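# Structural overview
Residue-level listing of the chains:
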Amino acid sequence: MRRIVIVDYGKQDQKVNPKFYPLIWIALIFATLFMNVYAMTTTYSSGDLKGVAIFTQLLYDVLLGGLLPCAILYLIASLFYRSLARRGLLQIPRKDFIYITMLFIAGARFVIGIVRIFGFLDPMMEFYTLLYLDVLIQTVALYLEFFLVLAPKYLNPVQASAHFRQLSKIYTILVGVLAVVVVGGVFLAIEGFKIMLNEGTNVAEFGDIVFTLNGEQLTENDIIVMMDLFEGPLSVVAYVMLGVGVAVAATHFILDYLLGKKAKEYRKTHPDTTENNFGTGFYANGTNYYTGRPYEGGSQNPFDNGGNPFAENNDNPFAERNPFGEDFGDTDKNDDNPFGDY
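Residues numbered from 1 in each chain as written. Predicted model: local features only at pLDDT ≥ 70, side-chain atom pairs only at ≥ 80, totals over all residues. Heavy atoms only, no water.

Our next topic: the overall build of the chain. Each helix and strand in the chain was counted, giving nine helices and two strands. For the chain, the N- to C-terminal ordering of α and β elements is α-α-α-α-α-α-α-β-β-α-α. By the burial criterion, 34% of the 342 residues in the chain qualify as buried. Within the chain, contacts between residues separated by at least 24 positions form 69% of all contacts whose residues are at least 6 apart in sequence. (Helix = DSSP H or I, 4+ residues; strand = E, 2+ residues; numbered from the N terminus. Buried < 20%, exposed > 50% of the residue type's maximum accessible area, 1.4 Å probe, protein only. Contact = heavy atoms within 4.5 Å.)

Pasting the structure below:
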C-alpha cells in the first residue's frame, strides 16, 4: 500500500491567520443552518411537535443539519488537498486551502438560503430548486475561490494550470456521476410506479413486497399522486441537474484549455518553471520541502557551502579539530604522546 505523508512545509507562507479558524467554522455552520431555514421553519410551525419533541428536533437539526455537513465538507476539502499532494502540488498551505474553501462554501450556502426563503411565498420553490441549485451555486463559489484567491495569491500560471486540472477534474467527475444518478433515479421510480399501477396496488401484497408510506400501505391513488410528482416537478429537476452536469463539464474543458494556453506562454519567458515544488528532482527549481527557502539550481546540494562542510575554516563551527591539540605530530614537541612518556 502506498503511503502519502503530507508535511505542511508551507506553514511559513500561510495567509489565513489561525485566529480566524473558529470564526470560519461558525460562519459555515450558520450558513448551513440558514440554507435549510425554510424546511426547519415549516417543521416547527406544523404544530405536530410539542414539549420534548421540539428540543429533540432542534438537536437533530443542529447536529445533522448543521455540524455534520460542515464536518463532511472539511473532510472533502482535505481529500481534495491530498489529491494535490500526491502530484507534489504543494504551493498552497494545507490549512489555507481547507479554510478558504470552507469560507467560500459558507457564502454559497448563505445565498442558497436566501433563494429558499422565497419558499414562504411559494412552497414549490424549495421543491423546484432541489439539489441542482446547491450544486450550481457552490460550483460558482469554487470557481470564484480559485480565480480570485488561490491562483493570484499562491500560484504562477504553470502551477495554476496544474492545480485547476487536478481539482476540477475530480469535481467534474463527481458532479457528472451525481447528475446521472439523479436522472436515473427519477426515471426508474417512474417506471416502478407504472409497474405498480399495472399490477394493481389495492391488494395487500405486490409479489412479495408490501408498499407502505409512514407505516400505511399505498393505495392506487397514492401511487398516481407520486407518479405525477416524479413525472412533473422531479423530472424537471432531473433534467436541470443533467444540464448542470453538462455545463460543469464544458466549463472544465474550456477553462483547462485557457489556463494551459496561458501556462505555455509563461514557460516561454520562464523556461525553468515547474508545476510543483520538486520539478524533476527533490530540490528542483522551487522551494525546499523542509525549510521553505528556494534553491537556485535543481541539483544544488542543500548542504553545499562551497566545499567540504567539515573542512577547517574559522566560520565553520563543525570544522575538524585535532583532539590532541593543534601541534600534535610536530616533531619539535615532546608531548606527541597524549599518554605521557614511557
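Glancing now at the packing of aromatic side chains. By convention here, two paired aromatic rings are described through the distance between centres and the angle between planes. Considering all chains together, one arrives at 13 aromatic pairs under this definition. Ring-pair connections join several aromatic residues into one group, and the members of that group are Tyr21, Trp25, Tyr74 and Tyr99. (Phe/Tyr/Trp six-rings, centres within 6.5 Å; stacked < 30°, edge-to-face > 60°.)

Moving on, we get to the pattern of salt bridges. Opposite charge on two side chains permits them to pair, given that their charged atoms come into close proximity. Evaluation of the coordinates by the stated rule reveals four salt bridges. Residue Asp134 is joined to Arg116 by a salt bridge in which the shortest nitrogen-to-oxygen separation is 2.5 Å. Taken as a pair, Asp134 in helix α6 (residues 132-154) and Arg116 in helix α4 (residues 94-117) lie far apart in primary sequence, 18 residues in all. The pair Asp134 / Arg116 is uniform in exposure class, with both members buried. Put simply, Lys268 and Glu265 hold a salt bridge, and the shortest N to O gap is 3.4 Å. In this pair, Lys268 and Glu265 both sit in helix α9 (residues 233-269), three residues apart, roughly one turn of the helix. What makes Glu265 partly exposed here is its relative accessible area of 45%. (Salt bridge = Lys/Arg side-chain N within 4 Å of Asp/Glu carboxyl O.)

Approximately 960 Å³ is the volume attributed to the largest pocket. Leu73, Ile105, Gln138, Leu142 and Tyr171 are the residues nearest the centre of the largest pocket, which is lined by 33 residues in total. Breaking the lining of the largest pocket down by element, the ones donating at least two residues are α3 (52-86), α4, α6 and α7 (157-199). In terms of residue count, the dominant contributor to the lining of the largest pocket is α6 (nine residues). Here the residues of the lining of the largest pocket sort into 23 nonpolar, five polar and five charged. (1 Å grid on protein atoms, 1.4 Å probe; cavity = no way out; pocket = protein on both sides within 12 Å on 5 of 7 lines; lining within 4 Å. Points joined across faces, edges and corners; volume = space filled by probe spheres on them. Nonpolar A, V, L, I, M, F, W, Y, C, P; charged D, E, K, R; others polar.)

This next bit is on the nonpolar core. Counting residues in hydrophobic clusters, the biggest one holds 54 residues, and the most contacted among them are Leu28, Phe97, Met102, Phe146, Leu150 and Phe230. Broken down by element, the residue count for this core peaks at 13 residues, all from α7. Excluding its chain neighbours within four sequence positions, the residues that come into contact with Leu150 are Ile92, Phe97, Ile100, Glu145 and Leu155. One finds Met35, Ala108, Leu133 and Ile137 within the second-largest nonpolar core, a separate group that totals six residues. (Core = buried A, V, L, I, M, F, W, Y, C linked by side-chain atoms within 4.5 Å.)

Quick look at unusual backbone geometry now. In this model, Leu131 sits at a positive phi of 70 degrees, which is unusual for a non-glycine residue. One can find Leu131 in the loop between α5 (124-128) and α6.

Moving on: the environment of Asp228. Within the fold, Asp228 resides in helix α8 (residues 220-231). By relative accessible area, which is 45% here, Asp228 ends up partly exposed. Linking Asp228 and Phe193, residues 35 residues apart in sequence, is a C-alpha distance of 9.8 Å.

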